[in-house]
Amino acid sequence: MARIGVLLLNLGGPERIQDVGPFLYNLFADPEIIRLPLPQLQKPLAWLISSLRAGRSQKAYRSIGGGSPLRRITDQQAKVLQSELRQRGIEATTYVAMRYWHPFTESAVGDIKADEIDEVVVLPLYPQFSISTSGSSFRLLDRLRQDDPAFARLPLRAIGSWYEHPRYLQAMAELISSTLDQANAPDKAHVFFSAHGVPKSYVEEAGDPYQEQIERCASLIMDTMQRENAYTLAYQSRVGPVEWLQPYTEDALQGLGEAGVKELVVVPISFVSEHIETLEEIDIEYRHIATEVGIENFLRVPALGTHPTFIHALADLVESSLAKEPVELATFTQLPQKTKLYPQEKWEWGWNNSSEVWNGRLAMVGFLAILLEVLSGHGPLHALGLL
Ligand SMILES: C=CC1=C(C)c2cc3[nH]c(cc4nc(cc5[nH]c(cc1n2)c(C)c5CCC(=O)O)C(CCC(=O)O)=C4C)c(C)c3C=C
Ligand SMILES: [Fe+2]
Ligand SMILES: [Fe+2]
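Rules and cut-offs
Residues numbered from 1 in each chain as written. Chains lettered and ligands numbered in written order. Predicted model: local features only at pLDDT ≥ 70, side-chain atom pairs only at ≥ 80, totals over all residues. Heavy atoms only, no water. Domains from an automatic or database assignment. Contact = heavy atoms within 4.5 Å. Buried area = accessible area lost by both parts, 1.4 Å probe. Salt bridge = Lys/Arg side-chain N within 4 Å of Asp/Glu carboxyl O. Polar contact = N/O pair within 3.5 Å; in protein donor to acceptor, adjacent residues only side chain to side chain. Helix = DSSP H or I, 4+ residues; strand = E, 2+ residues; numbered from the N terminus. Nonpolar A, V, L, I, M, F, W, Y, C, P; charged D, E, K, R; others polar. UniProt positions renumbered as here; feature names shortened; annotations may be inferred. 1 Å grid on protein atoms, 1.4 Å probe; cavity = no way out; pocket = protein on both sides within 12 Å on 5 of 7 lines; lining within 4 Å. Buried < 20%, exposed > 50% of the residue type's maximum accessible area, 1.4 Å probe, protein only. Core = buried A, V, L, I, M, F, W, Y, C linked by side-chain atoms within 4.5 Å. Near = heavy atom within 4 Å. Areas by Shrake-Rupley, 256 points an atom, 1.4 Å probe, with all protein chains shown as cover. Axes fitted to C-alpha atoms, helices over the stretch in contact; angles between N-to-C directions. Parallel < 35°, antiparallel > 145°, perpendicular 65-115°, else oblique. Left-handed = near helix turned anticlockwise from the far one by under 90°.

**Student:** Could you clarify how one ought to interpret the domain arrangement of the protein chain in this entry?
**Tutor:** Size of an interface, as often reported, equals the accessible area lost when the parts are brought together. Parsing the protein chain into structural domains produces domain 1 (4–163 + 307–333), domain 2 (166–300) and domain 3 (353–383). Each of domain 1 and domain 2 was reduced to a C-alpha centroid, and the two centroids are 24 Å apart. Contacts between domain 1 and domain 2 engage 31 residues on the former and 29 residues on the latter. Considering only the side of domain 1, the residues that lose the most area to domain 2 are Q128, I131 and Y163, jointly responsible for 25% of the buried surface there. For D316, the salt bridge identified is with R167, shortest N-O distance 3.0 Å. Scanning the region where domain 1 abuts domain 2 turns up 10 residue pairs in polar contact (both at pLDDT 80 or more). Listing elements by their share of the side of domain 1 that touches domain 2, those giving two or more residues are α2 (39–63), α3 (70–87), α5 (131–147) and α12 (308–322). Ranked by residues supplied to the side of domain 1 that touches domain 2, first place goes to α12 with 5 residues. When the residues that make up the side of domain 1 that touches domain 2 are grouped by side-chain class, the tally is 17 nonpolar, 10 polar and 4 charged.

Okay, here's the thing in structure tokens:
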């Protein structure tokens, strides 16, 4: 019987306060997160931004107990999924491959080789595809395959996105419904989907399907729930000075408060585990904003974690991918680019096109400005909330 490896892709998070700086460095060193016209600038800039942001991020991680719970939760998901697959008669072993922290993707691939796995199913723990998340991990795996003929020989089945899977939708609908039932007026409470944002240029220029998939996902969850509550979708966690997808969560909360909404049920939609953005940003920061604008009851739907219906959805995805032909990573990494301002190099993701213009003009000026800000402790990046 073929030995199956299920590679679960996730972002990773710092487990201790002292991990925050190096974790942020790994994140900003990824050209899928910040793309620069001069690759030589990537690492110095990643070092600079991570050093400058570390204090603020550490404060956030301290407020949730000193580290990210992501590794622990992802390990649990991996364990429960493995036993569900084995109950279905699939001799699979699950592996966790984080993009920016332990256990790194490289180490998961090393384990797959050491275990002499015959076939690999690549399953991102992101329901919707974005260049900045699943895309970045796919690209890394692609590079690892190019550099390693033994890994490249393994048949691989990549799953791009799965936000439409009926059991995933069912699990989300169940969690939202039971949170709605805790409201004082369950039929009137407003459902508020808060998705992680991405820069607008990812969607409009690089062809990231993320926004479309998020919008469709929110609407499918509402259909599945079969309740008449009004709902809003907004985007959280903006980083840096460029425009991100709108409406921003803080603005949407303000608008709902002004419209007289009193009860809100907040749904984290782009991620399946509790993490810094749910535990700190939603539960502390957005709750505070909501209270200030007159929302009296702020309820938050828990992330899926190891919800049994959700684990069944993941097992279904693995099972159906094994029934099909191998699917290479490139199937999902080549996106239709929407605008083209400059001749591009072969790989065209990231902050590209107009942002390359932006980057090109501002990189040097920006570099100097940041240095100045480091020395003075004041400046536009502090004002913009980046530092
Ligand atoms: C679908 C989910 C996510 C998308 C899309 C995404 C894009 C994205 N993120 C940043 C910048 C940061 N992300 C950080 C942490 C972080 N982000 C996600 C998810 C998505 N990111 C997760 C799960 C985590 C880890 C959470 C944890 O519990 O540790 C951080 C660090 C935290 C902080 O300082 O705020 C940054 C910075 C960008 C720039 C981006 C799209 C380009
Ligand atoms: Fe992020
Ligand atoms: Fe954040």
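Let's pick the thread back up.
**Student:** Is there a simple way to think about the UniProt feature "binding site: Fe(2+)" (unreviewed entry) in the protein chain in this case?
**Tutor:** UniProt's entry tags H196 and E277 with the feature "binding site: Fe(2+)" (unreviewed entry), counted in the numbering of this structure. A maximum C-alpha distance of 8.3 Å is found for the annotated residues, which run over 82 residues; spatially they form one tight group. Lining residues of the largest cavity drawn from the annotated list: H196 and E277. Judged by its relative accessible area of 29%, H196 falls in the partly exposed class. Dropping the residues within four chain positions of it, H196 is found in contact with Y210, Y235, Q236, S237, W244, S270 and E277.

**Student:** Teacher, can you tell me more about unusual backbone geometry here?
**Tutor:** Most of the time, phi is negative for any residue but glycine, and the peptide bond is trans. The amide bond that connects H102 to the next residue, P103, takes the cis arrangement and shows omega of -10°. Within the secondary structure, P103 is located in the loop between β2 (92–98) and α4 (105–114). Residue P247 is reached from Q246 by a cis peptide bond, and omega for that bond is 0°. For P247, the location among the structural elements is in the loop between β6 (231–236) and α10 (249–258). The phi torsion at Q226 lies on the positive side, around 55°, for a residue other than glycine. The residue Q226 is located in the loop between α9 (210–225) and β6 in this model. The backbone of S237 sits at a positive phi, close to 65°, despite the residue not being glycine. Here S237 is to be found in the loop between β6 and α10. Under the relative-accessibility criterion, S237 is labelled buried at 5%.

**Student:** Looking at this structure, I do not really get the nonpolar core. What am I missing?
**Tutor:** A general trend in soluble globular proteins is that nonpolar side chains are found buried together. In this structure, V6, L123, Y168, I176 and F193 are the most contacted members of the largest nonpolar core, which totals 59 residues. A domain-level breakdown of this core finds at least three residues from each of domain 1 (4–163 + 307–333) and domain 2 (166–300). Ignoring any residue separated from it by four or fewer positions in sequence, one finds F193 in contact with I176, A218, I221, M222, Y231, T232, L233, A234, V267 and I269. Among the nonpolar cores identified, the runner-up in size contains 21 residues, and V20, A60, I64 and I276 belong to it.

**Student:** Sorry, what's going on with the environment of G21 here?
**Tutor:** Here G21 is to be found in helix α1 (residues 20–28). Residues G21 and R53, spaced 32 residues apart in sequence, show a C-alpha to C-alpha distance of 8.1 Å. Residues within four places of G21 in sequence aside, it is in contact with S50 and A54.

**Student:** Looking at this structure, I do not really get the site of ligand 1. What am I missing?
**Tutor:** Around ligand 1, 27 residues are found, and the nearest of them are R53, S57, Y61, S68 and I276. S68 places a side-chain nitrogen or oxygen 2.7 Å from an oxygen atom of ligand 1. A distance of 2.9 Å separates an oxygen atom of ligand 1 from a polar atom in the backbone of I276. For ligand 1, whose free accessible area comes to 800 Å², the fraction covered by protein is 97%. With 4 residues, the single largest contributor to the shell around ligand 1 is α1. Residues that form the shell around ligand 1 fall into these classes: 16 nonpolar, 9 polar and 2 charged. Looking at which domains feed residues into the shell around ligand 1, each of domain 1 (4–163 + 307–333) and domain 2 (166–300) gives three or more.

**Student:** What's the story with the packing of helix α7 (residues 166–180) against α9 in this structure? I'm lost.
**Tutor:** Two quantities define a packed helix pair, namely the angle between the axes and the distance from one axis to the other. The interhelical angle for the contact between α7 and α9, taken along N-to-C directions, is 65°, at an axis separation of 9 Å. With respect to each other, α7 and α9 are oriented roughly perpendicular. Taken as a pair, α7 and α9 cross one another with a handedness that is right-handed. Counted together, Y168, L169, Q170, M172, A173, I176, S177 and L180 of α7 and C217, L220, I221, T224 and M225 of α9 form the full contact between these two elements. Partitioned by chemical class, the residues of the contact of α7 with α9 number 10 nonpolar, 3 polar and no charged.

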